[in-house]
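Overview (structure and organization)
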Amino acid sequence: MATQKMLKFVTLPKETPEKRPPTLRNQDFHEIYREFAAEKAAEQAGRCSQCGVPYCQSHCPLHNNIPDWLRLTAEGRLEEAYELSQATNTFPEICGRICPQDRLCEGNCVIEQSGHGTVTIGSVEKYITDTAWENGWVKPIKPAVERAESVAIIGAGPGGLAAADVLRRRGYQVTVYDRYDRAGGLMTYGIPGFKLEKPVVMQRIEQLELGGVQFVLNCAVGSDISFDAIRGQHDAVLIATGVYKSRDIEAPGVGAQGVVRALDYLTASNRKSFGDEVPEFDSGELNAQGKRVVVIGGGDTAMDCVRTAIRQGATSVKCLYRRDRANMPGSQREVQNAEEEGVEFVWLSAPKGFTAGEAVEGVMVQKMRLGQPDASGRQSPELIEGADYIEPADLVVQALGFEPEEIPTLWGVPDLAVTRWGTIKADFRTHATSLPGVYAAGDIVRGASLVVWAIRDGREAAEAIMGYLAQTGAVAAE
């Protein structure tokens, strides 16, 4: 039972990042103040103003009822707070860890806007959900009624898993197909463990398995099984593959040893954390230890790469980005974390090529300035003539983002409509594609985006699929 006792507030010692031991920098209060976690959560939650216009809620893609579960937390009613948070979010403990709250809920907190520092919404969300797991409040998946209809989900990332959770709780038979040996998508292999601990992801996957979701892993659609075969075995299909095709730099020397893709680099590190054999890591090819590392890019993936390189023991880590700090797409909080850990950012810089002998030796850097805004409204970088230089490097990580694979061609389904960007064309409300009974959600529709948006899409698509199956079942009955 949730306690109704009001938690006692305590005054905790203030620590700047510089005063903290390196192993504690950039960690939230649940790590730093384990002994005081409950009090600190209540203290932060109690700062919520319960304002009449909760911008935190409206700027959350899932529209989580943030003010009310903060109030319950402040009152010590943690189980009720958890129940409320998970009512709209399939994976609150994951969002609490990796959502860019500074761009979403916390960045739009009324207290933050008034200059008094935001309520640490993400840390409170993480704390109450971790507490729910520890106390057995997370309910297993037990459908009240089993249904005969079967749904295939292609892709075991956040969108696919969120849809699987919704569908299975309503009694539908769900099979998830994924090309990798573990479910979770980028949550498992793309996001570093210091941001999202892998047991946190695995416990949700285990919950789905115990609840009756079937996982078919190491299964690549188009080679190990055809898309038509999947459609033939199921009553509806959800495509939630994400986008995994890396954008590569087109420049002289890009093929040199030591110039690697971000996803390959992060996957190797994450596999190592699982205890897997990773020859490319052990050989040093995908390991930053003792190396001068240059990461190219300014998004969240680039931040994951630079912070991973620091933890692997790189001698130096620099991040090149062609715009300035104000115009970078990644989280400003992540940039601050990286700087505190020793990463050097080289703004207004872009790679022109790479110098190499047997392996990469340096990045040919051309300096930029910001000119007129482009079509998106951001200022376009312009080359400064004669300002080139060479940045020494032993390992260069390309973190320029991801694009969709050519799914209609790879899967042999030319009738599956795509946009001019290669993403699957789907209705923005129902997520229905051009093929009857086939839906799509997450990054494969949006392009590379956030985990929280994939969760929202997966939940919405599941509701649409249930409506479709109810309609087709009614027609069949007639």
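Residues numbered from 1 in each chain as written. Predicted model: local features only at pLDDT ≥ 70, side-chain atom pairs only at ≥ 80, totals over all residues. Heavy atoms only, no water.

**A word on the pattern of salt bridges**
This structure, assessed with the given rule, holds 38 salt bridges. Arg103 is the partner of Asp300 in a salt bridge, and the nearest nitrogen-oxygen pair spans 3.6 Å. With Asp300 in helix 15 (residues 300-311) and Arg103 in the loop between helix 6 (92-98) and helix 7 (110-113), this pair connects stretches of sequence that are 197 residues apart. A relative accessible area of 24% places Asp300 in the partly exposed class. Taking relative accessible area as the criterion, Arg103 reaches 33% and is therefore assigned partly exposed. Because the salt bridges share partners, they merge into one network encompassing Lys195, Asp304, Arg307, Arg311, Glu334 and Glu341. (Salt bridge = Lys/Arg side-chain N within 4 Å of Asp/Glu carboxyl O. Helix = DSSP H or I, 4+ residues; strand = E, 2+ residues; numbered from the N terminus. Buried < 20%, exposed > 50% of the residue type's maximum accessible area, 1.4 Å probe, protein only.)

**What about helix 11 (residues 198-210)?**
Its 13 residues place the ends of helix 11 18 Å apart at the C-alpha level, agreeing with the 18 Å of an ideal helix rising 1.5 Å per residue. Listed as buried for helix 11 are Lys198, Val200, Val201, Arg204, Ile205, Gln207 and Leu208. Just past helix 11, the residue Gly212 takes up positive phi, approximately 110°. (Expected span 1.5 Å × (residues − 1).)

**A closer look at empty space enclosed by the protein**
Per the stated rule, a full pass over the model turns up four cavities of 30 Å³ or more. What lines the largest cavity is a set of 13 residues, and nearest its centre among them are Cys60, Asn64, Cys99, Cys105 and Glu125. Looking at the lining of the largest cavity, the elements that each hand over two or more residues are helix 4 (66-74) and helix 8 (121-134). Lining the second largest cavity are 13 residues, with Cys48, Cys51, Cys56, Cys109 and Val110 sitting closest to its centre. Counting residues per element, the ones that place at least two in the lining of the second largest cavity are helix 3 (55-58) and helix 7. When its residues are assigned to classes, the lining of the second largest cavity shows 11 nonpolar, two polar and no charged. (1 Å grid on protein atoms, 1.4 Å probe; cavity = no way out; pocket = protein on both sides within 12 Å on 5 of 7 lines; lining within 4 Å. Points joined across faces, edges and corners; volume = space filled by probe spheres on them. Nonpolar A, V, L, I, M, F, W, Y, C, P; charged D, E, K, R; others polar.)

**Description of the state of the cysteines**
In total, this model carries zero disulfides according to the counting rule given. Of all cysteine sulfurs, the one in Cys305 lies closest to Cys319, which takes part in no disulfide; the gap is 9.1 Å. (Disulfide = S-S within 2.5 Å.)

On their own, these measurements won't tell you what the molecule is for.
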